[in-house]
Amino acid sequence: MKAKYSLVALLFASQLLFAQTGIVARHPANPQGKDFTMEDVTISRNVYPLNNFARWDDDNSIRVFSDGAWKKMDPATGVTSEFEAEALPDGFLKEACNITKNPQKNTFAYTVGKSLFIYSGGQVPVAESENEDITYGQSVSRNEFGINGGIFWSPSGSKLAFYRKDESRVTNFPLLDIKTRTGELKNIKYPMNGMESEGISLGIYDTKSQNTVYCSVTDFGYDRYLTNISWSPDDKYIFIQVLDRTQSHCKLNMYRASDGSFVRTILTEDNDRYTEPLDPIWFVKGAYSFIYRTDNRDGYRNLYLCDTLGNVRRLTSVDADVKYAGNNGKSVWYTSAEVSPVEQHLFRVELRLGKGAKAVSGAKISKPVRLTTQEGWHSISFNNEYSEYIDSYSSFNVPRVVNLCKADGKLVRNILTAEDPLKDYRTGEAMLGTVKSADGKYDNWYRLFLPADFDASKKYPVVLYVYGGPHSQMVTGAWLGNVRMWEMLMAQKGYIVYVQDNRGTENRGSEFEKATHDQLGQCEMADQMVGINMLKSLPFVDSTRIGVHGWSYGGYMTISLMTNFPQTFKVGVAGGPVIDWKWYEVMYGERYMDTEALNPKGFKKVSLINKAADLKGKLLICQGAIDNTVVWEHSLSFVQECIEENVQLDYFPYPCSEHNVAGRWRVHLMDKVTEYFDEHL
């Protein structure tokens, strides 16, 4: 008789996986302990590593969240004291949103409804909305292109830049509000692929004269994008990355803050697929040279040293994506994926600018120095003076470490070392590894969880959790591969759980990310099937019981996999799925698919409406009925097509949820998902 928890069996299973692919990290099973509840894995923090969310305050003290409250830590001594949050001034409107503090004064900019105000001893209107189609001071372009706000103070605080959004040409989409006595339709502005979009302009308000001017942006027409707003250090100029609607052409333009007039185009980016600016420019401290990030010049998101006359020089020369972390005029810090695409580490280069017109061309740039040595994923936050940084990291077997370090990487003190929050839970072995992409060019990373009571002589069902879309990296070298705790619950219940990244996801360079252009879902599915076929080859995998679950783009992938590979996937649960890209928003959809007029074959090929007749397995679709991201037209249209084709499926709406089902409702959702697999897989 074979022991259920036999070490030999576990080693045998691991060896089989080793034979198929490269496993780089493993976390041992704990066959004893308590079971997860759905509350544990959906709304509780108890099963995640302790994190004190340490961050710098303006006075270079550290704010830490400890024992349920924010505390203030002296970085020199490590001593904590009570933290008193800065109170808003008396008389501040409760309706205020998007509150943004002036960097130099006790003054705030904020929005009320669709209008923009400043509070400085009293409320001062900056821009008041003319009608329901006009919005001031709020985010635009549906938060694409790195946009996450609409208010931009100048360094001195004397000027305020802000977005003006005109949605008068954008069509309405009705959302059903069931909370009124007879129900009510509430319209939202939703710019669909190929249809009219919003018009964006940038205003500049002078706090002294109380006058407003608008930047004279004449490139690309009404529906171009204005992204990554940046100020010069002296408040004299404002910089805008102006992107045409096709997203193939981008200009970094310079405008005078005094009157909004155009000065010059500093540099341009052009790409047959798309350019996607994501970052503002960062000026070198004490200089007029700046740092710029793009993946359009050398194939990876690297940093470039530039000046306002158009001189450009590569600052980071690595075949890996990097992110800017800060500079003090002499050193530039950045994080990089060059050690591994599933690890993020801090590096520093020394910088000495040239003189005058040769500031860029004559600059001295040292070789990079790696400052973080512990394996894993490091998140870095510098103080205002760039003399110290907080390093919060984890690795596959290290739950969480937070350290305070000098700017040269030397440890000052440990702020937190978290315990394993799963030490008292029953868990199976976890693995981090790679499989080849379908084209054989890349290693795709995965995380895998074996059942808690794993016995290599038995066969187990598999649940693939998938996202797979742009701007995602599901698998990292962080704790347990960046685990979602529902995966642990499913493994505890007896499933093998598999999560894998594919081409089209981020942090792997331009070619890897843009491989999906004009045909979303195709190479993503091919890559996912490499991983699934690897699993199917293992003797302890029941290849007749494979399920798939994902949300949003993952919902699109779920239905795509079920209809393109019906012989493989028996059960699927798709949440908030995109069904046809002609119904998705302009900004995201046109970047990756162009328009139906320009790419008719691509739209037809990837549409799931055309795949309804191919659905063979058991499929459950869940969606928030007031989803304002993937509107209800998607999933309901797929249901109707299944009716037309006499294909059965299951559907469960969340009447009062938007794109994500949150809070206590999420417990219900994940119970529904889990029960569906338990019943049908």
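These numbers come from a predicted model, not from an experiment.

Rules and cut-offs
- Residues numbered from 1 in each chain as written.
- Predicted model: local features only at pLDDT ≥ 70, side-chain atom pairs only at ≥ 80, totals over all residues.
- Heavy atoms only, no water.
- Helix = DSSP H or I, 4+ residues; strand = E, 2+ residues; numbered from the N terminus.
- Rg over C-alpha atoms; globule rule 2.2 N^0.38 Å.
- Buried < 20%, exposed > 50% of the residue type's maximum accessible area, 1.4 Å probe, protein only.
- Contact = heavy atoms within 4.5 Å.
- Areas by Shrake-Rupley, 256 points an atom, 1.4 Å probe, with all protein chains shown as cover.
- Core = buried A, V, L, I, M, F, W, Y, C linked by side-chain atoms within 4.5 Å.
- Expected span 1.5 Å × (residues − 1).
- 1 Å grid on protein atoms, 1.4 Å probe; cavity = no way out; pocket = protein on both sides within 12 Å on 5 of 7 lines; lining within 4 Å.
- Points joined across faces, edges and corners; volume = space filled by probe spheres on them.
- Nonpolar A, V, L, I, M, F, W, Y, C, P; charged D, E, K, R; others polar.
- Phe/Tyr/Trp six-rings, centres within 6.5 Å; stacked < 30°, edge-to-face > 60°.
- Pairing = 2+ DSSP bridges.
- Axes fitted to C-alpha atoms, helices over the stretch in contact; angles between N-to-C directions.
- Parallel < 35°, antiparallel > 145°, perpendicular 65-115°, else oblique.
- Right-handed = clockwise from strand over helix to strand, strands pointing away.

Caption draft 1: Up close: the overall build of the protein chain. Counting secondary structure elements, the protein chain contains 10 helices and 41 strands. Computed over the C-alpha atoms, the radius of gyration of the protein chain is 26 Å, within 12% of the 26 Å expected from 2.2 N^0.38 for a compact globule of 681 residues. Taken along its principal axes, the extent of the C-alpha atoms in the protein chain is 85 × 60 × 50 Å. For the protein chain, buried positions account for 57% of its 681 residues. Relative to all contacts within the protein chain whose residues are 6 or more apart in sequence, the contacts with residues 24 or more apart total 61%. When the accessible surface of the protein chain is split by element, carbon and sulfur atoms take 48% of a total near 28,200 Å².

Caption draft 2: Examining the nonpolar core more closely. Counting 62 residues, the largest nonpolar core has Leu535, Phe569, Trp581, Leu619 and Phe638 as its most contacted members. Per-element tally for this core: the top contributor is helix H6 (residues 553-564), with six residues. Once residues lying within four places of it in the same chain are set aside, the contact partners of Trp581 are Asn193, Leu520, Tyr553, Tyr556, Tyr588, Met593, Phe603 and Val606. Membership of the second largest hydrophobic core comes to 43 residues, among which are Val463, Val475, Ala491 and Leu669.

Caption draft 3: A look at unusual backbone geometry. Even without being glycine, Arg142 reaches a positive phi, approximately 50 degrees. If you trace the backbone, Arg142 turns up in the loop between strand E10 (134-136) and strand E11 (151-153). Backbone geometry places Ser552, a non-glycine residue, at a positive phi of 65 degrees. Within the secondary structure, Ser552 is located in the loop between strand E38 (541-551) and H6. Assessed through its relative accessible area of 12%, Ser552 is described here as buried.

Caption draft 4: Region of the structure containing the environment of Glu82. Along the chain, the position of Glu82 falls in strand E5 (residues 80-82). Taking the relative accessible area as the measure of exposure, Glu82 reaches 64% and is therefore exposed. Spatially, the C-alpha atom of Glu82 lies 40 Å from that of Asp321, the residues being 239 residues apart in sequence.

Caption draft 5: Up close: helix H5 (residues 522-536). The first and last C-alpha atoms of H5 sit 21 Å apart over 15 residues, in line with the 21 Å expected at 1.5 Å per residue. For H5, the set of buried residues is Cys523, Glu524, Met525, Asp527, Gln528, Met529, Gly531, Ile532, Met534 and Leu535.

Caption draft 6: Region of the structure containing empty space enclosed by the protein. Enumeration according to the criterion identifies three cavities of 30 Å³ or more in this entry. The calculated volume of the largest cavity comes to roughly 80 Å³. The wall of the largest cavity is formed by Gln241, Cys250, Glu269, Thr275, Glu276, Pro277, Tyr292, Arg293, Thr294, Asp295, Asn296 and Arg301. In terms of residues, the lining of the largest cavity owes the most to one element, strand E22 (residues 290-294), which gives three residues. Among the residues making up the lining of the largest cavity, the classes are represented as three nonpolar, four polar and five charged. Of the volumes computed, that of the second largest cavity is approximately 40 Å³. Forming the boundary of the second largest cavity are Val342, Trp445, Gln473, Val475, Asp501, Thr505, Glu506, Arg508 and Phe512. Classifying every residue of the lining of the second largest cavity by side-chain character gives four nonpolar, two polar and three charged.

Caption draft 7: View of the side chain of Thr372. With respect to the helices and strands, Thr372 occurs in the loop between strand E29 (369-370) and strand E30 (377-382). On the basis of relative accessible area, Thr372 is assigned to the buried category, the value being 1%. Dropping the residues within four chain positions of it, Thr372 is found in contact with His345, Leu346, His378, Ile380, Tyr389 and Asp391.

Caption draft 8: A look at the packing of aromatic side chains. Tallied over the entire structure, the rule returns 33 aromatic pairs. Between Tyr110 and Phe117, the aromatic rings sit 6.0 Å apart at their centres with planes inclined by 25 degrees, giving stacked as the arrangement. On the basis of an interplanar angle of 45 degrees and a centroid distance of 5.9 Å, the ring pair of Tyr467 and Tyr553 is categorised as tilted. Linking Tyr467 in the loop between strand E36 (460-465) and helix H3 (485-492) with Tyr553 in helix H6, this pair joins segments that are 86 residues apart in sequence.

Caption draft 9: Examining helix H7 (residues 586-593) more closely. Most of H7 sits out of view: eight of its eight residues are buried. Elements in contact with the buried residues of H7: strand E17 (225-231), H6 and helix H8 (600-606). Downstream of H7 by one or two residues, Asp594 has phi in the positive range, about 60 degrees.

Caption draft 10: Geometry of the sheet that holds strand E21 (residues 282-283). The strand order across the open sheet formed by four strands is E21-E22-E23-E24, and the pairing between neighbours is antiparallel. Two strands close off the open sheet at either side, each with one partner strand: E21 and strand E24 (312-314). Two elements, E22 and strand E23 (residues 302-306), share five bridges in a ladder whose sense is antiparallel. Bridging across to E23, Arg293 finds its partner in Leu303.

Caption draft 11: Representation of the packing of H5 against H6 in the model. The geometry of H5 relative to H6 is characterised by a closest axis approach of 10 Å and an angle of 70 degrees between their N-to-C directions. Considered as vectors, H5 and H6 are oriented roughly perpendicular to each other. Only Tyr553, Met557, Ser560, Leu561 and Asn564 of H6 make contact with H5, whose side of the interface consists of Glu524, Met525, Gln528 and Met529.

Caption draft 12: Expanded view of the sheet that holds strand E6 (residues 97-101). The strand order E6-E7-E8-E9 describes an open sheet built from four strands, whose pairing is antiparallel. A strand with exactly one partner marks an edge of an open sheet, and here the two such strands are E6 and strand E9 (123-127). Along the sheet, successive strands turn relative to each other by an average axial angle of 25 degrees, direction set aside. For E6 and strand E7 (residues 108-112), the ladder comprises three bridges, and the chain directions are antiparallel. Residue pairing in the sheet places Thr100 in a bridge with Ala109 of E7.

Caption draft 13: How the structure looks around the pairing of strand E41 (residues 650-654). Where strand E40 (residues 618-624) and E41 come together, five bridges link them in parallel fashion. In the strand pairing of E41, Ile621 is matched with Tyr651. Considered for its hand, the β-α-β crossover made up of E40, helix H9 (residues 633-644) and E41 is right-handed.

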